[in-house]
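Close look at the chain arrangement
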Amino acid sequence: MAYSEKVMDHFASPRNVGEMPDADGIGEVGNSRCGDIMKMYIKVRDNIITDVSFKTFGCGAAIATSSMATELVKGKPIEDALKLTNKAVMEALDGLPPVKVHCSVLAEQAIKAALSDYYKKQGIDPEPIVGKASECDECHFDEQ
Ligand code: FES
C-alpha cells in the first residue's frame, strides 16, 4: 500500500514542529523496536490545549502521525485529547500501511504522555485519568 496524499503532505510539511520552552506538559515516548522517538509539548489554559508542538526522530509515518495528532488536539478541550486514538489519527491521514500502524500508536502515546506530565505538574495523579502508560500492542505487527 502506498502512502496517502495526506501522509505525504504531513511528512513533507509537518505542522507544529519544534520545542516549546514554556510547555505545561511534555511527553516523550519511544518504540524500542524501531528506535524512533517522539516528543510532544502542550500548553493548557482553562482546560483547553491552546498550543501543541512536537519533535520526532523517526520514520516518515511517525512524523506524519505526530503532525496530524497535534492538529487534532490543538484548540480542543483536554477531554477530547484524552480520547484521541491512533485509529482517529490514521483515519485523518486516510490510512497507513499495516507495517506503519505502530507509528500512529506512538503519536497517541505521546499525546497521552504530555497530558500525564501536565497533570503531574498540577499535583494530580494522572493514572486514573490518562491510564497507565502501556507498551504498544500493535508493535508485535512489526516483527521482521
Ligand atoms: Fe518506528 Fe515508524 S518505524 S515509528
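Residues numbered from 1 in each chain as written. Predicted model: local features only at pLDDT ≥ 70, side-chain atom pairs only at ≥ 80, totals over all residues. Heavy atoms only, no water.

Thoughts on the nonpolar core
Among the nonpolar cores identified, the biggest contains 36 residues, and Ile42, Ile49, Ile78, Ile111 and Leu115 are the most heavily contacted of them. Taken together, the elements giving at least two residues each to this core come down to strand 2 (37-45), strand 3 (48-57), helix 2 (60-73), helix 3 (78-82), helix 4 (86-92) and helix 5 (101-121). Residue contributions to this core peak at eleven residues, all from helix 5. Aside from chain neighbours lying at most four places away, what touches Leu115 is Ile42, Ile49, Ile78, Ala81, Leu82 and Val130. (Core = buried A, V, L, I, M, F, W, Y, C linked by side-chain atoms within 4.5 Å. Buried < 20%, exposed > 50% of the residue type's maximum accessible area, 1.4 Å probe, protein only. Helix = DSSP H or I, 4+ residues; strand = E, 2+ residues; numbered from the N terminus. Contact = heavy atoms within 4.5 Å.)

Things to note about unusual backbone geometry
Although it is not a glycine, Asn16 adopts a positive phi angle of roughly 60°. Structurally, Asn16 is set in the loop between helix 1 (5-12) and strand 1 (25-30). For Asp94, which is not glycine, the phi dihedral falls at a positive 60°. Since its relative accessible area comes to 47%, Asp94 is described here as partly exposed.

Observations regarding the confidence of the model for the protein
Here the protein averages 92 in pLDDT, while 91% of its residues score no lower than 70. Here residues 140-144 is a poorly scored stretch, pLDDT under 50, and it has four contacts once near neighbours within four places are set aside; other chains count. (pLDDT = per-residue confidence, 0-100.)

Side note on the pattern of salt bridges
Scanning the entire structure with this criterion turns up nine salt bridges. Across the salt bridge formed by Arg15 and Asp9, the nearest N and O atoms sit 2.7 Å from each other. For the salt bridge of Glu108 with Lys112, the shortest nitrogen-to-oxygen distance reads 2.8 Å. With Glu108 and Lys112 both in helix 5 and four residues apart, the pair spans about one turn of that helix. Look at Glu108 and you get buried, because its relative accessible area is 17%. Three or more residues joined by partner-sharing salt bridges are found here, namely Asp22, Asp24, Lys43 and Arg45. (Salt bridge = Lys/Arg side-chain N within 4 Å of Asp/Glu carboxyl O.)

So, the pairing of strand 2
The sheet contact formed by strand 1 and strand 2 spans six bridges and is antiparallel. Bridge pairing links Ile26 to Tyr41 in strand 2. Counting the residues that bridge the hairpin from strand 1 to strand 2 gives six residues, and of these Gly35 lies at a positive phi of roughly 80°. One ladder, built from nine bridges, connects strand 2 with strand 3; its direction is antiparallel. Residue pairing for strand 3: Val44 is matched across the bridge by Ile49. Where strand 2 folds back on strand 3, the antiparallel hairpin that results is connected by two residues, among which Asp46 adopts a positive phi of roughly 50°. (Pairing = 2+ DSSP bridges.)

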